[in-house]
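If you want the building blocks of each chain, they are given just below.
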Amino acid sequence: MINLIDDLKNALGSDIVKTGDEVPEHQHTKDFALRGVRPFAVAYPRSAGDVSVILRLCNQHHQAVVPQGGMTGLAGGAVAAEGQLALSLSRMGEIEEIDLAAGTMTVQAGVALQTVQEAADRADMLFPLDLGGRGSCQVGGMASTNAGGNRVLRYGMARALILGLEAVLPDGTIINNLNKMLKNNAGYDLKQLFIGSEGTLGVITRLILRIFPKPRSVSTALCSSRSYADVLAFLQLSNQTLAGALSAFEVMWADFYEVAQRSQKRGLPLPSGEPFYVLVEALGGDPLSDKEKFEGLIARALEDGVLTDGVVAQSLRDAEAFWALRDSPGEFRQTYWPNTAFDVSLPIGEIDDFVEACRDRLRSAWPDVNSVYFGHIADSNIHIVVQLDQKPFPKRAIEEIVYETVRDYRGSVSAEHGIGVVKLDFLEFSRTPEEIALMRTLKLAIDPHNILNPGKVLGDVSS
Ligand code: ZN
């Protein structure tokens, strides 16, 4: 290992790598889900060329490397294990180009999401991907985890927002796939190997992101419904009426709404006690006609009886109050603790049956368990938070029940957070043995020495 560090410093200069006590204590040790170990060394490349040299040398030394972005992941995918070298993209934070004709922004992988959003905004454009970690999460990490977030329904996940990228393979080969064209069927779509593979197949160094005209209007409403069938009817009506402008359709089950109101400082926009609440949002291009169309949708849904109540936000403050309910899990540490949270997806039509089954199975294991359900239903994604006053907290047993129920309803154990290490044991609940075998074949073909983020997504691939 001494040789490797010397080789790195000789090749790229002494400030390219920090070792031992020079490694910042917290910055490289944990993400939002998991505390790992402090890497014995961290490399800070300034370019794809540097990344190439670092990986080539690590590959020669059979040194395990964990790529790190903003450390806001929710699955432990960027957390180091014993003896691993971290590769931090933090010095590669430049925005290189905005091309309005192509509708693209070319960026280095270490730029923060918020910086990208602000740069698009200054160009009177929108980079639509948005999530809570925006201030620190980096676009390279967002790409390698195929991040989702709040506007997937309208604009897609990270995968749909990336036209091209540059990535470095474990042997140091630089793959230039910096495509700007929406249509390009010349052979395999290689960027997809690196998007969502959580840094196990290559290190993304540069991205061509899609940017869009900025919406001129936002319409938001909070509504209630009597049944899940009515919620689905409202979704269909919203899609028809808003014709592509629908940007959020967040459903909250009654038990979630009960817990959410505990942390609200202002009065509730709608009284509690209804079986379902829906936060619906549309982004449009014409403030006057958009408002009319949106209010018409809510009125029609009330008339048809698919909604029992509904309030349309008359100000930004109103809209923020609606979103505060939906975002209340941020406060659950104070109001609903101890708990464990889940990010899963299911076929839309079966979500409510799944919720009932999951709630029942948890209750039969622990009579006084609580569980709440909410999420981006139109993306088939729901989040679950399970709370139980028990010491020690039976996290693993709760996970088994929830993921087994997901498996029984043919859902996915990870909708938007990835597998990392925290969901390793449950990958097979959502993927067939043949699919997992193909993933291993790809991994070993591209990374035969298994140096790149080993142990993540697929676990041990050497056996
Ligand atoms: Zn979510």
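So, here's what we can say about the structure. Numbering of residues starts from 1 in each chain and follows the order in which that chain's sequence is written. Local features in this predicted model are restricted to residues whose pLDDT is 70 or higher, and side-chain atom pairs enter the listing and the counts only when it is 80 or higher, whereas totals over whole chains, interfaces and linings include all residues. Side-chain metrics rest on all non-hydrogen atoms present in the structure, leaving aside hydrogens and water.

Topic: the nonpolar core
Put simply, buried Ala, Val, Leu, Ile, Met, Phe, Trp, Tyr and Cys residues joined by side-chain atoms within 4.5 Å make one nonpolar core. Each residue is assigned to one of three classes by its accessible area relative to the maximum for its type, calculated with a 1.4 Å probe on protein chains only: buried under 20%, partly exposed between the two thresholds, exposed over 50%. The biggest cluster of nonpolar side chains holds 56 residues, and the ones touching the most others in it are Phe 234, Trp 253, Phe 354, Leu 362 and Ile 382. In this analysis, two residues are considered to be in contact whenever any of their non-hydrogen atoms come within 4.5 Å of each other. Setting aside residues up to four positions removed in sequence, Leu 362 forms contacts with Val 369, Ser 371, Tyr 373, Val 386, Ile 398, Ile 401 and Val 402. In terms of nonpolar packing, the next biggest core, distinct from the first, is built from 33 residues, Leu 113, Phe 127, Met 142 and Phe 212 among them.

Structural notes on the coordination of the zinc ion
We call an atom a donor if it is N, O or S and sits within 2.8 Å of the metal, or 3.2 Å for Na, K and Ca. Water is not counted, so some sites may look partial. Of the protein atoms, only His 376 (NE2), His 383 (NE2) and Glu 416 (OE) coordinate the zinc ion, at distances of 2.1 to 2.2 Å. For the zinc ion, all donor residues lie on one chain, and their spacing in sequence is H-x6-H-x32-E. Residue His 376 is classed as buried on the basis of its relative accessible area, which comes to 3%. In this structure His 383 comes out as buried when scored by relative accessible area, which is 9%.

Focus: the packing of helix H1 (residues 2-12) against helix H2 (residues 48-60)
Helix axes are fitted to C-alpha atoms over the stretch in contact, other axes to C-alpha atoms as well, and angles between N-to-C directions run from 0 to 180 degrees. Labels follow the DSSP assignment, with helices taken as runs of H or I lasting at least four residues and strands as runs of E lasting at least two, numbered in each case from the N terminus. One way to put it is that H1 packs onto H2 with a least axis distance of 10 Å and a crossing angle of 155°. Taken together, the axis directions place H1 and H2 in an arrangement best described as roughly antiparallel. As for how H1 packs across H2, the hand of that crossing is right-handed. Each of Leu 4, Asp 7, Leu 8, Ala 11 and Leu 12 in H1 lies in contact with H2, whose residues at this interface are Asp 50, Val 53, Ile 54, Leu 57 and Cys 58. Each residue gets one label: Ala, Val, Leu, Ile, Met, Phe, Trp, Tyr, Cys and Pro are nonpolar, Asp, Glu, Lys and Arg are charged, and the others, such as Gly, are polar. Considering only residue class, the contact of H1 with H2 consists of eight nonpolar, no polar and two charged. Here roughly perpendicular refers to angles of 65 to 115 degrees, roughly parallel to angles under 35, roughly antiparallel to angles over 145, and oblique to all remaining angles. By definition, turning the near helix anticlockwise from the far helix through less than a right angle yields a left-handed crossing, and turning it clockwise yields a right-handed one.

Description of the pairing of strand S13 (residues 246-253)
Of all the eight residues making up S13, eight are buried; the element is thus mostly covered by neighbouring parts of the structure. The rule for pairing is simple: two strands pair if DSSP sees at least two bridges between them. The sheet contact formed by S13 and strand S14 (residues 276-284) spans seven bridges and is antiparallel. Within the sheet, the bridge partner assigned to Phe 249 lies in S14 and is Val 280. Across three bridges, the pairing between S13 and strand S17 (residues 370-376) is antiparallel. Each bridged residue has a counterpart across the sheet, and for Glu 250 the counterpart in S17 is His 376.

Brief notes about unusual backbone geometry
Here the residue pair Trp 337 and Pro 338 is connected by a cis peptide bond, since its omega of 0° sits within 30 degrees of zero. Considering the arrangement of structural elements, one finds Pro 338 in the loop between helix H11 (332-335) and strand S16 (339-345). A cis amide bond links Lys 391 with the next residue in sequence, Pro 392, at an omega value of -5°. Checked against the element boundaries, Pro 392 lands in the loop between strand S18 (381-387) and helix H13 (395-408). With a phi close to 50°, His 62 is a non-glycine residue in the positive phi region. By the element assignment, His 62 lies in the loop between H2 and strand S3 (65-68). Judged by relative accessible area, His 62 falls into the exposed class, the value being 52%. The phi dihedral of Arg 410 falls on the positive side, at around 55°, and the residue is not glycine.

Some thoughts on the pattern of salt bridges
Where charged atoms of side chains with opposite charge meet at close range, the side chains can pair. Salt bridge criterion: a side-chain nitrogen from Lys or Arg within 4 Å of a carboxyl oxygen from Asp or Glu. Summed over the entire model, instances satisfying the criterion amount to 25 salt bridges. With its nearest N and O atoms 3.0 Å apart, the salt bridge here joins Asp 121 to Lys 214. On the criterion of sequence distance, the pair formed by Asp 121 in helix H3 (residues 113-122) and Lys 214 in the loop between strand S11 (212-213) and strand S12 (217-225) is long-range, its members being 93 residues apart. Residues Asp 408 and Arg 407 are paired through a salt bridge, measuring 3.8 Å at the closest nitrogen-oxygen approach. For Asp 408, a relative accessible area of 40% puts it in the partly exposed group. Taken together, the shared-partner salt bridges connect Asp 15, Arg 46, Asp 50 and Arg 91 into one network.

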